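Read off the chains here:
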Amino acid sequence: MLEYMGGSIARTVLLMLGIVLAFGAVAMSLMGRFLPTLFHLLAIAAVMVTMRVLLRYSYLRDIFEPSSLELKPQYGVLALFLVILVAGLLAVWVMIRGVLAAEAGRAHS
Amino acid sequence: MNYPIWLLEKLGGGTLIAIIAVLHVYISHLAVGGGLFIWLMDRRARRSGDTALNDFLRRYNWIFLLVTMVLGGLTGVGIWFVIGLVNPAATSTLIHTFVFGWAIEWVFFIGEITALLVYHYYFDKLERVLREKVAFFYFLFAFLSLVIINGILSFMLTPGKWLATGGFGTASSIRPISPRCCSGLSSRS
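**Student:** How do you make sense of the overall build of chain A when you look at a structure like this?
**Tutor:** A count of helical and extended segments in chain A gives 3 helices and 0 strands. In summary, chain A has a C-alpha radius of gyration of 22 Å against a globular reference of 13 Å for 109 residues, an excess of more than 25%. With the C-alpha coordinates of chain A rotated into their principal frame, the extents come out at 65 × 45 × 15 Å. Looking at chain A as a whole, 24% of its 109 residues are labelled buried. Sequence-distant contacts in chain A: of pairs separated by 6 or more residues, those separated by 24 or more amount to 46%.

**Student:** Can you help me understand the interface of chain A and chain B in this one?
**Tutor:** A common way to state how big an interface is: give the accessible area lost once the parts meet. Counting residues at the interface gives 19 residues for chain A, matched by 21 residues for chain B. For the pair chain A and chain B, the summed buried area comes to about 1700 Å², and 83% of that belongs to carbon and sulfur atoms. Ranking the residues of chain A by area buried against chain B places Phe81, Ile84 and Met95 of chain A at the top, with a combined share of 31%. Linking chain A with chain B are 0 salt bridges.

**Student:** In this structure, what is going on with the nonpolar core? I would like to understand it.
**Tutor:** Soluble globular proteins: nonpolar side chains tend toward being buried together. Residues Met95 of chain A together with Ile38, Tyr119, Leu126, Val134 and Tyr138 of chain B are the most contacted members of the largest nonpolar core, which totals 39 residues. Looking at this core element by element, the count peaks at 9 residues for helix H5 (residues 128-157) of chain B. Counting residues in each nonpolar core, the second largest holds 7 residues, with Leu21, Ala25, Ile44 and Met51 of chain A among its members.

**Student:** Just to check I follow, could you spell out the pattern of salt bridges for this structure?
**Tutor:** Opposite charge on two side chains lets them pair, provided their charged atoms get close. Evaluated as defined, the whole model comprises 8 salt bridges over all chains. For Glu3 of chain A, the salt bridge goes to Arg11 of chain A, with nearest N and O atoms at 2.8 Å. On the accessibility criterion, Arg11 of chain A (17% relative accessible area) is buried. Between Arg131 of chain B and Asp42 of chain B there is a salt bridge, with the nearest N and O atoms lying 3.0 Å from each other. With Arg131 of chain B in helix H5 and Asp42 of chain B in helix H1 (residues 13-48), this residue pair connects regions lying 89 residues apart in the sequence.

**Student:** Is there a simple way to explain the side chain of Thr68 of chain B in this structure?
**Tutor:** Residues and elements named next belong to chain B. Along the polypeptide, Thr68 turns up in helix H2 (residues 51-86). With relative accessibility at 11%, the residue Thr68 sits in the buried group. One polar contact links the side chain of Thr68 to the main-chain carbonyl oxygen of Phe64, over a distance of 2.7 Å. Setting aside chain neighbours within four positions, we find Thr68 in contact with Ile27, Leu30, Ala31, Gly73, Leu116 and Tyr138.

**Student:** Would you explain the packing of H2 of chain B against helix H4 (residues 99-121) of chain B in this entry?
**Tutor:** Between two packed helices, what matters for the description is the angle formed by their axes and the separation of those axes. All names here are of chain B. Running from N to C, H2 and H4 cross one another at 150 degrees; their axes reach a closest spacing of 10 Å. In terms of orientation, H2 lies roughly antiparallel with respect to H4. For the crossing formed where H2 meets H4, the hand is left-handed. Counting all contacts with H2, which are made through Leu57, Asn61, Trp62, Phe64, Leu65, Thr68, Met69 and Trp80, the residues of H4 involved are Trp102, Ile113, Leu116, Leu117, Tyr119, His120 and Tyr121. Here the residues of the contact of H2 with H4 are counted per class, giving 12 nonpolar, 3 polar and no charged.

The rules we used
- Residues numbered from 1 in each chain as written.
- Chains lettered and ligands numbered in written order.
- Predicted model: local features only at pLDDT ≥ 70, side-chain atom pairs only at ≥ 80, totals over all residues.
- Heavy atoms only, no water.
- Helix = DSSP H or I, 4+ residues; strand = E, 2+ residues; numbered from the N terminus.
- Rg over C-alpha atoms; globule rule 2.2 N^0.38 Å.
- Buried < 20%, exposed > 50% of the residue type's maximum accessible area, 1.4 Å probe, protein only.
- Contact = heavy atoms within 4.5 Å.
- Buried area = accessible area lost by both parts, 1.4 Å probe.
- Salt bridge = Lys/Arg side-chain N within 4 Å of Asp/Glu carboxyl O.
- Core = buried A, V, L, I, M, F, W, Y, C linked by side-chain atoms within 4.5 Å.
- Polar contact = N/O pair within 3.5 Å; in protein donor to acceptor, adjacent residues only side chain to side chain.
- Axes fitted to C-alpha atoms, helices over the stretch in contact; angles between N-to-C directions.
- Parallel < 35°, antiparallel > 145°, perpendicular 65-115°, else oblique.
- Left-handed = near helix turned anticlockwise from the far one by under 90°.
- Nonpolar A, V, L, I, M, F, W, Y, C, P; charged D, E, K, R; others polar.

As structure tokens, then:
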């Protein structure tokens, strides 16, 4: 854990960045600024994900290496997922477009 | 990795899972069959100009939303919660074997939730043809999510060649999917 308390400059900076962003998100939300709050939250999520990966690797360093896992690529099902994702998002867009048109119609009337 | 054991001496883990899962299965079948019902009735109301049927759909879809989305969502998460406690290793296998299966399932859930919210909150504001389309999207996504989850459940009943290969394609069988998908449709219609 000392890696995050000065042992590693990069990891310590990452931890500090997460803390600063958390305070920033609270400050922005209290000021009622939506988009800066959202960007802070997205940045915090990215920092948290990175921290979790790094922390797990350092915690398990002596007993586990990801390279020891057997890799089984599954490109077929990945392609199927991507096709379904695009089709699903298109369907959602059709519905949202209908909602926007209904809202626009209501605003005109 | 070894997980701690959560021992339910009197009730048993399987019974606890069944209590939540049986309720969830009833609700999810209602969601699929009810989705078909709403779409067909909406179509009928538009074509025949039946205002009483239209009023019924307006009232019905609110109850339908509460039961399928709120109670169905809670029991669905409840299943994950309880299987994770009763058998963490099996839950981990289920997740890792079907990573993209779950990803596909979530695409269908997003479509399903969007369609039902749009249908309910814009019931009187959407053009009738578009509202009918939204009802169809709801049914389609609900049915497709049933197909995917059936494939995954079939794996737990009959893992097939997965025991030897460990691949996604060999982990589910189309044979057990068909009758249970049909039962989801017939339970409501």
